[in-house]
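Okay, here's what each chain looks like letter by letter:
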Amino acid sequence: MRRRTALRLGAAALAAPALAAAVPGAAAAAPRLRIRGADLSCLAKSEDLGGTYRRADGRRDDPVRILAGAGVNWGRLKVWVDPADGYNTTPHVLRTARRMHRAGMRLLVDFHYSDTWADPGKQYKPAAWENLHGAALERAVRDHTAGVLGALRAQGTPAAMVQIGNETNAGMLWPDGSTDDWPRLAALLTAGAEAAYAASPGVRVALHLAEGGRNAETRWWFDNAVAHGVPFDVIALSFYGYWHGPLADLRANLDDVSARYRRDVVVAETAYPFRLDSADFLENIVDLPSELVPGYPATPDGQAAWVRDAAAAVAAVPGGRGLGLFYWEPAWTAVPGNGWDPADPASGNGWENQALFDYDGRALPALEALGRGFTPVR
């Protein structure tokens, strides 16, 4: 996920017609997806600070149970090394993984290899690794990866999939793992992948890029990964229509790279607003009509249509290689203290208008669209 400061400019220029117009019949042809996922990384902190969640009929309930009851069958959790607020660490991943497991969900672990947000514009080393380089840095990646996955396996909630890095378009663990030095980046990615396979037998390794509609960039990155022998099973892409272009571009990229690399594909992040105004003092990441994707208004129905049509693009990938998608942070509502900056409890949330719970904590129609697996309602 990339913040407003990095990507807001030019969002209107990237907007394009809905998939239903660009690819006629795509939504109607979509089968139920195997992965109907939700990233719940901010949930533990939200609840600890008083966040509450309700079913569509207004009854208060456990949000994991609400999601699972709607048909969501995978959860995604990010891992930071030593964040300022103490969340998104191994103990919190274990805590939320237990809840997911009880609800029947499988788990994707998203390794950022950082103390804070990692995305194409920032890939900062954890403070404890700042002076590590070469084999020592690879060892840190191996140990951290194995430690988290080993703990999950030991408590009976093993990861089914892992991301080795988050939105690594420009590499990770800068400056060592920059794409300016592919042999070094490949060594770090390989260290993480090999540790995952060893610590959690049967796990699938995903490599994750942002800007999932950009085929030339995706090909360049994965051509390098393959040429340098990085092991992986799944291609994971982020795709936000208000930043990344039309759904037809996502569809074309998924079709191409799944065939080119003979790998399954998944959309690891997507989201869309159901309104534009803010529930707290911080302006939302998307808060202007000009930023919206044409054909998808910022309404509950518009949000649900985005979920349905984005997933139709995944479901239509030839050969059944489109695994599914994850909705990014559907439970990150505007709870005071649960803001963007883990080092600043006073920071606000610019995301609450893209959650799948409204400003009263009530589940929105897009949650049902997510859980249905994108088979349209007749």
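Residues numbered from 1 in each chain as written. Predicted model: local features only at pLDDT ≥ 70, side-chain atom pairs only at ≥ 80, totals over all residues. Heavy atoms only, no water.

**Student:** Just checking my understanding: could you explain the packing of helix 6 (residues 63-70) against helix 14 (residues 365-372) for this structure?
**Tutor:** Axes are the key here: two packed helices are described by the angle between their axes and the distance separating the axes. Viewed as axis vectors pointing N to C, helix 6 and helix 14 meet at an angle of 55°, and their least axial separation amounts to 7 Å. In terms of orientation, helix 6 lies oblique with respect to helix 14. Here Ile-66, Leu-67 and Ala-70 of helix 6 lie close against helix 14, whose contacting residues are Leu-367, Glu-368, Gly-371 and Arg-372. Of the residues that constitute the contact of helix 6 with helix 14, the class distribution is four nonpolar, one polar and two charged. (Axes fitted to C-alpha atoms, helices over the stretch in contact; angles between N-to-C directions. Helix = DSSP H or I, 4+ residues; strand = E, 2+ residues; numbered from the N terminus. Parallel < 35°, antiparallel > 145°, perpendicular 65-115°, else oblique. Contact = heavy atoms within 4.5 Å. Nonpolar A, V, L, I, M, F, W, Y, C, P; charged D, E, K, R; others polar.)

**Student:** When you look at the nonpolar core in this model, what are you seeing that I'm missing?
**Tutor:** Inside soluble globular proteins, nonpolar side chains tend to come together where they are buried. Core analysis: the biggest nonpolar cluster contains 99 residues, and Val-109 and Val-162 have the highest contact counts within it. In this structure, Val-162 is in contact with Leu-108, Val-109, Phe-111, Leu-149, Ala-196, Val-203, Arg-204, Val-205 and Ala-206, ignoring residues within four places of it in sequence. (Core = buried A, V, L, I, M, F, W, Y, C linked by side-chain atoms within 4.5 Å. Buried < 20%, exposed > 50% of the residue type's maximum accessible area, 1.4 Å probe, protein only.)

**Student:** Hey, could you run me through the sheet that holds strand 4 (residues 161-164) in this one?
**Tutor:** In any sheet, the strands associate via hydrogen bonds between backbone groups, in a parallel or an antiparallel arrangement. If you trace the eight strands once around the closed barrel, you get 1-2-3-4-7-8-9-10, paired in parallel fashion. Recorded for the sheet is a direction-independent mean angle of 25° between the axes of neighbouring strands. In the sheet, strand 1 (residues 35-39) pairs with strand 10 (residues 322-327) via four bridges, with the strands oriented parallel. Bridging from a neighbouring strand, Ala-38 pairs with Tyr-327 of strand 10. Sitting on the sheet, helix 12 (residues 247-261) touches strand 8 (234-238) and strand 9 (264-270), and the angle it makes with strand 9 is about 145°. (Pairing = 2+ DSSP bridges.)

Keep in mind that these numbers describe shape and distance, not what the molecule does.
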